[in-house]
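Breakdown of the fold
Letter by letter, the chains look like this.
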Amino acid sequence: MRIAVQAEPFDLGAEVSAFTAGVRGAGAVVSFTGLVRDEGGSLSGMEIEHYPGMTGKAISGIAAEAVARWNLVDALVIHRYGKLAPGEAIMMVATAALHRGDAFAAAEYLMDYLKSRAPFWKKELSAGGEAWVAAKDSDEDALKRW
Amino acid sequence: MIDVLYFAWVRERIGLPRERIETGAATVAELVEELRGREERYQAAFADLTSLRVALDQELASFDAPLAGVREVAFFPPMTGG
């Protein structure tokens, strides 16, 4: 299980390849990548703040729960912070399991929990100014299905 | 002494990322009351507790949680990761 919280961009292809190469015995690898939207060209970027003392711990807990619940061979979470331009990758998860159902479910679980239980806050930057992204009720509701 | 951290718009409203506070508050709610009584900017930040979350020593907690033994309290809006 690798958890990385970093300002630097990551190489999605290289990360998925390296992850896949290390998961002996798995029959399925699922990856998800979140990108900065440009909202029809109105956004100039996004600034992501996090709580350094808590972020790694929170993500590790979420990932360990996913590994245990779906009997994953391995899991990977990379999440960036700082200033990002539209189109840049914000984060990625990868899960490896014996079968694809478990790999997909675990990846969705990771995304649902990272969204509202990992201490990151997004601020949208545009020509008109800046605005903190508000959490949606649907984000919290998404946790109930697990 | 307790370290109090603020993130996102809570940090912006209060105007600082962290401070050390000498407090006799027994719970998070009591600490919030104490901070609200300080200045306008704290009132602005803590106006609506339903739009705030709190972590004690880097673990999410509730506003009625006790502060005994806690070294770090963090206040922030609901998280928007992913």
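Predicted, not measured: the structure shown is a model, and the values here were computed from it.

All names here are of chain A. As for its placement among the helices and strands, Glu15 is situated in helix 1 (residues 12-21). Under the relative-accessibility criterion, Glu15 is labelled buried at 18%. Not counting chain neighbours up to four residues away, the residues in contact with Glu15 comprise Arg2, Phe10, Leu76, Ile78 and Met92.

We now examine the nonpolar core. Counting 29 residues, the largest nonpolar core has Leu72(A), Ile90(A), Val93(A), Leu110(A) and Leu114(A) as its most contacted members. Those elements giving two or more residues to this core turn out to be strand 2 (28-35), strand 3 (43-50), helix 2 (52-69), strand 4 (74-80), strand 6 (89-97) and helix 3 (100-117) of chain A. Excluding its chain neighbours within four sequence positions, the residues that come into contact with Leu110(A) are Ile62(A), Ala63(A), Ala66(A), Val77(A), Val93(A) and Thr95(A). Counting 24 residues, the second largest nonpolar core, distinct from the first, contains Ile2(B), Val32(B), Leu52(B) and Phe63(B).

Here we take up the sheet that holds strand 1 (residues 2-6) of chain A. All names here are of chain A. Here we have four strands laid out as an open sheet, ordered 1-4-6-2, and mixed in their pairing. Looking at strand neighbours, the two that pair on one side only are strand 1 and strand 2, the edges of this open sheet. Averaged over all adjacent pairs, the angle separating strand axes in this sheet is 5°, with direction ignored. Pairing of strand 1 with strand 4 involves five bridges; the strand directions are parallel. For Arg2, the partnering residue across the bridge sits in strand 4 and is Leu76.

Another point: the pattern of salt bridges. Residues and elements named next belong to chain A. By the definition in use, this model includes 15 salt bridges over all chains. The salt bridge partner of Glu108 is Arg145, with a shortest N-O separation of 3.3 Å. In this pair, Glu108 is assigned in helix 3 and Arg145 in the segment after helix 4 (137-142), connecting sequence segments 37 residues apart. Glu108 gets classed as partly exposed once you look at its relative accessible area, which sits at 43%.

Our next topic: the packing of aromatic side chains. Across all of its chains, the model carries twelve aromatic pairs over all chains by this definition. Considering the side-chain rings of Tyr51(A) and Phe76(B), the 6.3 Å spacing of their centres and the 65° angle between planes classify their relative orientation as edge-to-face. Placement of the pair is Tyr51(A) in the loop between strand 3 and helix 2 and Phe76(B) in strand 5 (residues 72-76), with the two residues belonging to separate chains. What makes Tyr51(A) buried here is its relative accessible area of 1%. Ring centres 5.5 Å apart and planes at 90° place the aromatic pair Trp70(A) and Trp146(A) in the edge-to-face group. Within this pair, whereas Trp70(A) is found in the loop between helix 2 and strand 4, its partner Trp146(A) is found in the segment after helix 4, the two being separated by 76 residues in sequence. Taking the relative accessible area as the measure of exposure, Trp70(A) reaches 11% and is therefore buried. Look at Trp146(A) and you get partly exposed, because its relative accessible area is 23%.

So, how was this worked out
Residues numbered from 1 in each chain as written. Chains lettered and ligands numbered in written order. Predicted model: local features only at pLDDT ≥ 70, side-chain atom pairs only at ≥ 80, totals over all residues. Heavy atoms only, no water. Helix = DSSP H or I, 4+ residues; strand = E, 2+ residues; numbered from the N terminus. Buried < 20%, exposed > 50% of the residue type's maximum accessible area, 1.4 Å probe, protein only. Contact = heavy atoms within 4.5 Å. Core = buried A, V, L, I, M, F, W, Y, C linked by side-chain atoms within 4.5 Å. Pairing = 2+ DSSP bridges. Axes fitted to C-alpha atoms, helices over the stretch in contact; angles between N-to-C directions. Salt bridge = Lys/Arg side-chain N within 4 Å of Asp/Glu carboxyl O. Phe/Tyr/Trp six-rings, centres within 6.5 Å; stacked < 30°, edge-to-face > 60°.

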